[in-house]
Amino acid sequence: MRSASSLSSCRLGNEKEGSRLKREREVESDRDMSESIVPPEVRPKPAVPAKPPHVSAPSPTAPHGPSGLGGGVGVDRVPGSGHSGGGSTLLGYIGIDTIIEQMRKKTMKAGFDFNIMIVGHSGLGKSTLVNTLFKSQVSRWSSGWGGEHKIPKTVEIKAVSHVIEEGGVKMKLTVIDTPGFGDQINNENCWDPISKYINEQYEKFLKEEVNIARKKRIPDTRVHCCLYFISPTGHSLRKLDIEFMKHLSRVVNIIPVIAKSDTMTLDEKNEFKHRVRKELETYGIEYYPQNEFDDDMEDKNENDKIREAMPFAVVGSDKEYQVNGKRVLGRKTAWGVVEVENPNHCEFALLRDFLIRSHLQDLKEVTHNIHYETYRARRLNDNGGLHPISSNNTQESNL
Amino acid sequence: MSQSGEKGKFPEAAGYVGFANLPNQVHRKSVKKGFEFTLMVVGESGLGKSTLINSLFLTDLYPERYIPGAAEKIERTVQIEASTVEIEERGVKLRLTVVDTPGYGDAINSQDCFKTIIQYIDNQFERYLHDESGLNRRHIVDNRVHCCFYFISPFGHGLKPLDVEFMKAIHSKVNIVPVIAKADTLTLKERDRLKRRILDEIAEHGIRIYQLPDADSDEDEEFKEQTRILKASIPFAVIGSNQLIEVKGKKIRGRLYPWGVVEVENPDHNDFLKLRTMLVTHMQDLQEVTQDLHYENFRSERLKRAGRAGEEDVMDKDQILLQKEAELRRMQEMISQMQAQMKMKGDE
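Scoring rules and cut-offs
Throughout this document, residue positions are counted from 1 along each chain, in the order its sequence is written. Chain letters and ligand numbers both follow the written order, the letters beginning at A and the numbers at 1. Side-chain atom pairs in this predicted model are given and counted only at pLDDT of 80 or more, local residue features only at pLDDT of at least 70, and totals for whole chains, interfaces and linings cover all residues. The side-chain values count all of the structure's non-hydrogen atoms but skip hydrogen atoms and water molecules. Secondary structure counts use DSSP, requiring at least four H or I residues in a row for a helix and at least two E residues in a row for a strand, with both numbered from the N terminus. When accessible area is computed with a 1.4 Å probe and restricted to protein chains, residues below 20% of their type maximum are described as buried, those above 50% as exposed, and intermediate ones as partly exposed. Two residues form a contact once any of their heavy atoms are found within 4.5 Å. For the area figures, the Shrake-Rupley method with a 1.4 Å probe applies, and any residue is considered shielded solely by the protein chains shown. UniProt positions are given in the numbering used here, feature names are shortened, and annotations may be inferred rather than shown by experiment. Candidates for patches are residues over 30% relative accessible area with no salt bridge; among them, like charges are joined within 9 Å and nonpolar side chains (Val, Leu, Ile, Met, Phe, Trp, Tyr) within 5 Å. Criterion for a salt bridge: a side-chain nitrogen of Lys or Arg within 4 Å of a carboxyl oxygen of Asp or Glu. All tallies of charge rest on Lys and Arg as positive and Asp and Glu as negative; His and the ends of each chain are not included. Each charge is placed at NZ for Lys, CZ for Arg, CG for Asp and CD for Glu. DSSP-based pairing: two strands are paired if at least 2 bridges between them are found. Where helices are involved, their axes are fitted lines through C-alpha atoms of the stretch in contact, as for all axes, and angles between N-to-C directions lie from 0 to 180°. With a 1 Å grid laid over protein atoms only, a set of points is called a cavity when a 1.4 Å probe fits there but cannot get out and a pocket when it is open yet has protein on both sides within 12 Å along at least five of seven lines; lining residues have an atom within 4 Å of a point. Grid points are joined across faces, edges and corners, and a volume is the space filled by probe spheres set on the points. Defined here as a combined quantity, buried area equals the accessible surface (1.4 Å probe) lost by two parts on assembly, summed across both. N or O atoms within 3.5 Å of each other form a polar contact, as long as, within protein, one can give a hydrogen and the other can take it, and as long as residues adjacent in sequence are counted only when both atoms are side-chain atoms. When residue character is reported, Ala, Val, Leu, Ile, Met, Phe, Trp, Tyr, Cys and Pro are called nonpolar, Asp, Glu, Lys and Arg charged, and the others, Gly included, polar. Only buried residues count toward a nonpolar core, which is a set of Ala, Val, Leu, Ile, Met, Phe, Trp, Tyr and Cys residues joined through side-chain atoms within 4.5 Å. A helix is expected to span 1.5 Å multiplied by its residue count minus one. Side-chain rings of Phe, Tyr and Trp, where Trp is taken by its six-membered ring, are said to pair if the distance between their centres is within 6.5 Å; with planes under 30 degrees apart they count as stacked, over 60 as edge-to-face, and otherwise as tilted. Note on geometry: a ring has a charge over it if NZ (lysine) or CZ (arginine) is within 6 Å of the ring centre and within 35 degrees of the ring normal. The pLDDT value tells you how sure the predictor is about a given residue, anywhere from 0 up to 100. Should an angle lie under 35 degrees it is considered roughly parallel, over 145 roughly antiparallel, and from 65 to 115 roughly perpendicular; all remaining angles are considered oblique. Each crossing is labelled by how the near helix is turned from the far one, with a counterclockwise turn of less than a right angle marking it left-handed and a clockwise turn marking it right-handed.

## Here's the deal with the overall build of chain B
In step 1: Tallying secondary structure elements over chain B gives nine helices and nine strands in all.
In step 2: When the 348 residues of chain B are sorted by exposure, 41% land in the buried category.
In step 3: When contacts within chain B are restricted to residue pairs at least 6 apart in sequence, those whose partners lie at least 24 apart make up 68%.
In step 4: Carbon and sulfur atoms make up 52% of the accessible area of chain B, which totals about 20,700 Å².

Written out as structure tokens, the structure reads:
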């Protein structure tokens, strides 16, 4: 029996009502019990951490894996590294940290879903950018500029799914395109179809969750991330940009990007970014990563750095050219080659690292734990409960 | 005197009258008078219109630009701002008026944004018509819009619905010159594709843009070639810049990127020089077309409308006459009926 053992679950960072990932720290306050075992801090995560774990025999510090802009995911600290939680060193190696490896194997087998929505006027290079991000032809248009780019009369929602694989990890990537957004003469409420689509996905997931006989893995069609393309006018945001982001930043993770940024010189770019950030602040638009969801100081610092650098000014391209003996993705003009992955030319590399290499999982989590839960709470409160599902005979709701 | 009509090369030769000098006299008079030209620029904000105007005329027409944030833009409707500048070059004076249209295309609902512009153009025509029909015609100021540069965004795949609607609404009132703005965004292939697409869409919607007149057959080959090149490059893909950059020891206007320098006046980089050439060599023609075509259209429409209002009065008078005549006839019939009745009674 442990004397004076106190199990305190403390929530770090801001307290969010409802559903924040509980991080329970079991702290052994009495240090006299040298015989007792101090379990390492484990963050229960539903899916695979981004960094490969290092399973090693007791060593003071576990080396961290490769990080993009600083990993915010899956920290596995072997006890004895001198942080405030675990004081005493482990006497023998148990192997609890192999759970990370087990989780990883499972998720690799299962694969995971990622749904990204791209919104912006036609011609801002959305499809090209998505192709460049995922280094495959995942957008609506399989070839570059060729086909008929007729502007539809209303905003349409077109979702295209592909399964891409890298390093044994399978990802079902769905790109949701929104042609017709912002292209009409009268663009009032053109964000309504988009908002409806996002809520429909939440509804679908909710219905599955509320079933008595639930599927083992609910297919996740919720929009995890919305890339909003800002036109590089060099002046300021347009009214439509502000209205859209105001309405949707509470419903989905919005990442604003400045499209076709090879149209601006460095000074113009910095000035524009600064002005855009100011305007987003003035209108209270919380883009991802949102301030309020930062867990702890480390996250906050890292996210602060990212927030300062956003919105990223990007250039997309799926053509390769020879520059200084290397083959690079770029755009060739009469006065030079714009290199997409060169950080001096544009911020594509930053966006890619941020979106894919470090925050992919976090995007899914925020969508699941915050946006979805907000929707769910609202739904459950509104109607005093969900209506029983009558569409399928075998499924009944538990309300 | 037998060779009176001959344009003699030798002024002293017999038969030289001297009216071959007339063009020179006209030239001298007009140089003294100076030229007037009104240019309207229309396009969404942020397409580089002001920068281009400054580059074209090598002046700073907009010295202290205040760029409003999105907050202020929300309140604004389309406005018309006309700024005039006098430019002199080699003794020739040009009074250039640039009409800017800030707020165009900014609103979420842009349906009304060209009403203001069309009204402005019509007002200028109206004023000229009024002056022309007035008693004192000595100092008519010509503020009619001679040319409209319409800025097309390079970020789209062609014309936007707003572009099409606007051009359809004003192509019968002003000379439209479509211009592709911020052309340093496009690679050469993309530029060609975009130009072709725009021309296709213009033809598809029946939009009448300003057509450069073919060179006369007696002009020299060089001029003809130049005209051919100009005609083939419409719409012009241009870049503007207010900054001077040093390239190979020379200071030129351009934009400095980490991957290279875009030179504004380099014909390989963009069509800026072609646009300037076109504007300058065809300034006279633009004014003529405005006078002969657009203004005359407006004038005949206006006068017809005024005339039709007068005609309606006349028609009413005829109708009234007819009505009165019909009434008279009826009364006469009644009287004759009553007379017949009285006669019958008298007979009884």
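## Re the UniProt feature "site: Important for dimerization" (unreviewed entry) in chain B
In step 1: Annotation from UniProt places "site: Important for dimerization" (unreviewed entry) at Phe155 of chain B.
In step 2: Relative to the elements of secondary structure, Phe155 of chain B occurs in the loop between strand E4 (147–152) and helix H5 (161–170).
In step 3: Looking at Phe155 of chain B, the relative accessible area reads 4%, which means it is buried.
In step 4: Beyond its immediate stretch of four places on either side in the chain, Phe155 of chain B contacts Ser122, Gly123, Leu124, Ser231, Pro232, Lys260 and Thr263 of chain A together with Thr185 of chain B.

## Details of a negative patch on the surface
Residue and element names in this part refer to chain B.
In step 1: Together, Asp216, Asp218, Glu219, Asp220 and Glu222 make up a negatively charged patch on the protein surface.
In step 2: Tracing the backbone through its elements, the reader meets Asp218 in the loop between helix H6 (188–204) and helix H7 (221–232).
In step 3: For Asp218, a relative accessible area of 67% puts it in the exposed group.

## Overview of H5 of chain B
In step 1: By the burial criterion, the buried members of H5 of chain B are Leu162, Asp163, Val164, Phe166, Met167 and Ile170 of chain B.
In step 2: Lining the buried residues of H5 of chain B we find strand E1 (35–42), helix H4 (113–132), E4 and strand E5 (176–180) of chain B.

## Here's the deal with the sheet that holds strand E7 (residues 320–323) of chain A
Residue and element names in this part refer to chain A.
In step 1: An order of E7-E8-E9 is seen for the three strands of this open sheet, with the pairing classed as antiparallel. Since the sheet does not close on itself, it has two edges, and those belong to E7 and strand E9 (336–339), each with one partner. For this sheet the average axis-to-axis angle between neighbouring strands, irrespective of direction, equals 70 degrees.

## Description of empty space enclosed by the protein
In step 1: As enumerated under the stated definition, the model contains seven cavities of 30 Å³ or more in all.
In step 2: Looking at the second largest cavity, its volume works out to about 160 Å³.
In step 3: Taken together, 16 residues line the second largest cavity, and the ones lying closest to its centre are Gly182, Gln184, Asn187 and Arg238 of chain A together with Gly105 of chain B.

## Remarks on the interface of chain B and chain A
In step 1: Each side of the interface is counted separately: chain B has 47 residues, and chain A has 46 residues.
In step 2: Taking both partners together, chain B and chain A bury about 4,300 Å²; carbon and sulfur atoms supply 57% of that area.
In step 3: At the junction of chain B and chain A, the tally comes to three salt bridges.
In step 4: Residue Glu268 of chain A is joined to Arg255 of chain B by a salt bridge in which the shortest nitrogen-to-oxygen separation is 2.7 Å.
In step 5: Summed over the shared surface of chain B and chain A, the result is eight residue pairs in polar contact (both at pLDDT 80 or more).
In step 6: Contributions of two or more residues to the side of chain B that touches chain A are made by helix H3 (70–75), H5, H6, strand E8 (250–257) and strand E9 (260–263) of chain B.
In step 7: Ranked by residues supplied to the side of chain B that touches chain A, first place goes to H6 of chain B with five residues.
In step 8: Its residues assigned to classes, the side of chain B that touches chain A shows 19 nonpolar, 13 polar and 15 charged.

## Notes on the sheet that holds strand E6 (residues 236–237) of chain B
Residue and element names in this part refer to chain B.
In step 1: The strand order across the open sheet built from six strands is E2-E3-E1-E4-E5-E6, with neighbouring strands paired in mixed fashion. Every other strand in the sheet has two partners, leaving strand E2 (81–89) and E6 as the edge strands with one partner each.
In step 2: Relative to E6, E5 runs parallel, the two sharing two bridges. Looking at the pairing, Val179 lines up with Phe236 of E6.

## Some thoughts on the nonpolar core
In step 1: Counting 153 residues, the largest nonpolar core has Phe244 and Ile255 of chain A together with Phe149 of chain B as its most contacted members.
In step 2: Sorting elements by how many residues they give to this core places H4 of chain B first, with nine residues.
In step 3: Here Ile255 of chain A is in contact with Cys225, Cys226, Leu227, Tyr228, Tyr288, Met310, Leu351, Phe354, Leu355 and Leu363 of chain A, once residues within four sequence places are set aside.

## Comments concerning unusual backbone geometry
In step 1: Residue Pro289 of chain A is bonded to the preceding Tyr288 of chain A through a cis peptide linkage, with omega at -5 degrees.
In step 2: Mapped onto the fold, Pro289 of chain A is located in the loop between helix H5 (266–282) and helix H6 (297–309).
In step 3: Following Ile234 of chain B, the chain continues to Pro235 of chain B via a peptide bond in cis, the omega torsion being -5 degrees.
In step 4: Inspection of the secondary structure puts Pro235 of chain B in the loop between H7 and E6.
In step 5: Backbone geometry places Asn189 of chain A, a non-glycine residue, at a positive phi of 55 degrees.
In step 6: When you line up the elements, Asn189 of chain A lands in the loop between strand E3 (169–177) and helix H3 (192–210).
In step 7: A relative accessible area of 43% places Asn189 of chain A in the partly exposed class.
In step 8: Positive phi values are uncommon outside glycine, yet Lys182 of chain B reaches one of about 45 degrees.
In step 9: With respect to the element layout, Lys182 of chain B can be found in the loop between E5 and H6.

## Overview of H3 of chain A
Residue and element names in this part refer to chain A.
In step 1: In this model H3 runs 26 Å from its N-terminal to its C-terminal C-alpha over 19 residues, within 8% of the 27 Å that 1.5 Å per residue would give.
In step 2: Within H3 the residues assigned to the buried category are Ile194, Ser195, Tyr197, Ile198, Gln201, Tyr202, Glu203, Phe205, Leu206, Glu208, Glu209 and Val210.
In step 3: On the buried face of H3, the contacting elements are strand E1 (112–119), strand E2 (158–166), E3, helix H4 (239–248) and helix H8 (360–382).

## Some thoughts on the environment of Gln341 of chain B
In step 1: With respect to the element layout, Gln341 of chain B can be found in helix H9 (residues 283–347).
In step 2: Each C-alpha atom of the pair Gln341 of chain B and Arg28 of chain B lies 92 Å from the other, and the pair is 313 residues apart in sequence.

## Observations regarding the packing of aromatic side chains
In step 1: In this structure the tally under the stated criterion is 16 aromatic pairs over all chains.
In step 2: Here Tyr104 of chain B and Tyr150 of chain B contribute two aromatic rings whose centre-to-centre distance is 6.1 Å and whose plane-to-plane angle is 90 degrees, an arrangement assigned as edge-to-face. Taken together, the positions of Tyr104 of chain B in the loop between strand E3 (92–100) and H4 and Tyr150 of chain B in strand E4 put the pair 46 residues apart, joining distant regions of the chain.
In step 3: Look at Tyr104 of chain B and you get buried, because its relative accessible area is 1%.
In step 4: An angle of 50 degrees between the planes, with centres 6.0 Å apart, marks the rings of Phe125 of chain B and Tyr295 of chain B as tilted. Residue Phe125 of chain B is located in helix H4, and its partner Tyr295 of chain B is located in helix H9; the two are separated by 170 residues in the primary sequence. Of the two residues examined, Phe125 of chain B and Tyr295 of chain B, each falls in the buried class.
In step 5: Through successive ring pairs, a cluster of aromatic residues spans Tyr202, Phe205, Tyr372 and Tyr375 of chain A.
In step 6: Seen from the ring of Tyr372 of chain A, Arg222 of chain A lies directly overhead, with NZ or CZ sitting 4.8 Å from the centre.
In step 7: The ring of Tyr295 of chain B has Arg144 of chain B sitting right over it, with the charged end atom 4.7 Å from the ring centre.

## Focus on the confidence of the model for chain A
Residues and elements named next belong to chain A.
In step 1: Averaged over all residues, the pLDDT of chain A equals 73, while 71% of them reach at least 70.
In step 2: Between residues 1–88, whose pLDDT stays under 50, and residues either more than four places distant or in other chains, the model counts 118 contacts.
In step 3: This stretch, residues 388–399, has a pLDDT under 50; its non-local contacts, to residues over four places away or in other chains, come to 17 contacts.

## Quick word on the packing of H4 of chain B against H5 of chain B
Residue and element names in this part refer to chain B.
In step 1: As a packed pair, H4 and H5 sit with axes 11 Å apart at the nearest point and diverge in direction by 25 degrees. Relative to H5, the element H4 is oriented roughly parallel. Between H4 and H5 the crossing geometry is right-handed. From H4, Cys113, Phe114, Ile117 and Ile118 reach across to H5, where they touch Leu162, Glu165, Phe166, Ala169 and Ile170.
In step 2: Its residues placed into classes, the contact of H4 with H5 shows eight nonpolar, no polar and one charged.

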